[in-house]
Amino acid sequence: MKRIAFVVMAALMLAACQESLEERCEREAREFTEKKCPSLITPGVTIDSMTFNKASQTMSYYYSLSGVLDNSEALKKNNLRDILLKELKNSTQTQMCKEAGYNFRYVYYSTQKKGTKLFEATFQEKDYR
């Protein structure tokens, strides 16, 4: 009887220690930002941070653009929204979050004009499924 009680207690303790998917996404986004940001992705594109908002279930990526890419008209002309959606659909790194139906938000800021938002796109499950 004592052995069964011990097994049940151990199982309950293990279950209590596990983090939810939302907590995991929040933690991994924070750790990525702390360890790898800012980081040059390609010439002219730097990832500044990544966050996860539990309330809206949204993974957000924040970038800074420089050089010829630091231009909102160029982003619209090159259909950045379509490019981002295609990459999201094909991404295996975001598979867990996509299966959970989370939202994905991409925000691009100007390096030349600090604080100026050049582009923003948010994708919901209906967009990437």
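What counts and how
- Residues numbered from 1 in each chain as written.
- Predicted model: local features only at pLDDT ≥ 70, side-chain atom pairs only at ≥ 80, totals over all residues.
- Heavy atoms only, no water.
- Salt bridge = Lys/Arg side-chain N within 4 Å of Asp/Glu carboxyl O.
- Helix = DSSP H or I, 4+ residues; strand = E, 2+ residues; numbered from the N terminus.
- Buried < 20%, exposed > 50% of the residue type's maximum accessible area, 1.4 Å probe, protein only.
- Pairing = 2+ DSSP bridges.
- pLDDT = per-residue confidence, 0-100.
- Contact = heavy atoms within 4.5 Å.
- Arc of directions from axis to C-beta.
- Axes fitted to C-alpha atoms, helices over the stretch in contact; angles between N-to-C directions.

### Considerations on the pattern of salt bridges
Link 1 in the chain: As enumerated under the stated definition, the model contains 8 salt bridges in all.
Link 2 in the chain: Here Arg 24 ties to Glu 28 by a salt bridge, and the two come within 2.8 Å at their closest N and O atoms. Taken together, the residues span about one helical turn, with Arg 24 and Glu 28 both in helix H2 (residues 21-36) at a distance of 4 residues.
Link 3 in the chain: For Glu 28, a relative accessible area of 31% translates into the label partly exposed.
Link 4 in the chain: Glu 26 is the partner of Lys 54 in a salt bridge, and the nearest nitrogen-oxygen pair spans 3.5 Å. Placement of Lys 54 in the loop between strand S2 (45-53) and strand S3 (58-65) and of Glu 26 in helix H2 is noted, with a sequence separation of 28 residues between them.
Link 5 in the chain: Its relative accessible area of 35% is what places Lys 54 among the partly exposed residues.
Link 6 in the chain: Residues joined by salt bridges that share partners form a network here, namely Glu 19, Arg 24, Arg 27, Glu 28 and Glu 31.

### A short note on the pairing of strand S1 (residues 39-42)
Link 1 in the chain: Relative to S2, S1 runs antiparallel, the two sharing 3 bridges. Bridge pairing links Ser 39 to Ile 47 in S2.
Link 2 in the chain: Taking the residues that link successive antiparallel strands as the turn, the S1-S2 hairpin has 2 residues, and the phi of Gly 44 there is positive, at about 90°.

### A few points about the confidence of the model for the protein chain
Link 1 in the chain: Summing up the model confidence of the protein chain, the mean pLDDT is 89 and the portion of residues at 70 or higher is 87%.
Link 2 in the chain: A low-confidence stretch, residues 5-15 (pLDDT under 50), is modelled with 0 contacts involving residues beyond four sequence positions or located in other chains.

### Side note on helix H4 (residues 80-90)
Link 1 in the chain: What H4 keeps buried is the set Leu 80, Leu 84, Leu 85 and Leu 88. Around the axis of H4, the buried residues are gathered within 130° of arc, so they sit on the same side. In H4, the exposed residues that point more than 90 degrees away from the buried face are Asp 82, Lys 86 and Asn 90.
Link 2 in the chain: The inward-facing, buried residues of H4 abut helix H3 (72-77), helix H5 (95-99), strand S4 (103-110), strand S5 (117-123) and helix H6 (125-128).

### Observations concerning the side chain of Ser 60
Link 1 in the chain: Examined against the element boundaries, Ser 60 turns out to sit in strand S3.
Link 2 in the chain: Residues within four places of Ser 60 in sequence aside, it is in contact with Ser 49, Met 50, Thr 51 and Arg 105.

### Observations concerning the sheet that holds S4
Whether parallel or antiparallel, the strands of a sheet pair through hydrogen bonds between backbone atoms.
Link 1 in the chain: Strand order in the open sheet made by the 5 strands is S1-S2-S3-S4-S5, with mixed pairing throughout. On the outer flanks of this sheet lie S1 and S5, each paired with one strand and no other. Going from strand to strand, the sheet's axes swing by 30° on average, the running direction of each strand aside.
Link 2 in the chain: Bridge count for S3 against S4 is 8 bridges, and the pairing is parallel. Bridge pairing in S4 places Met 59 opposite Phe 104.

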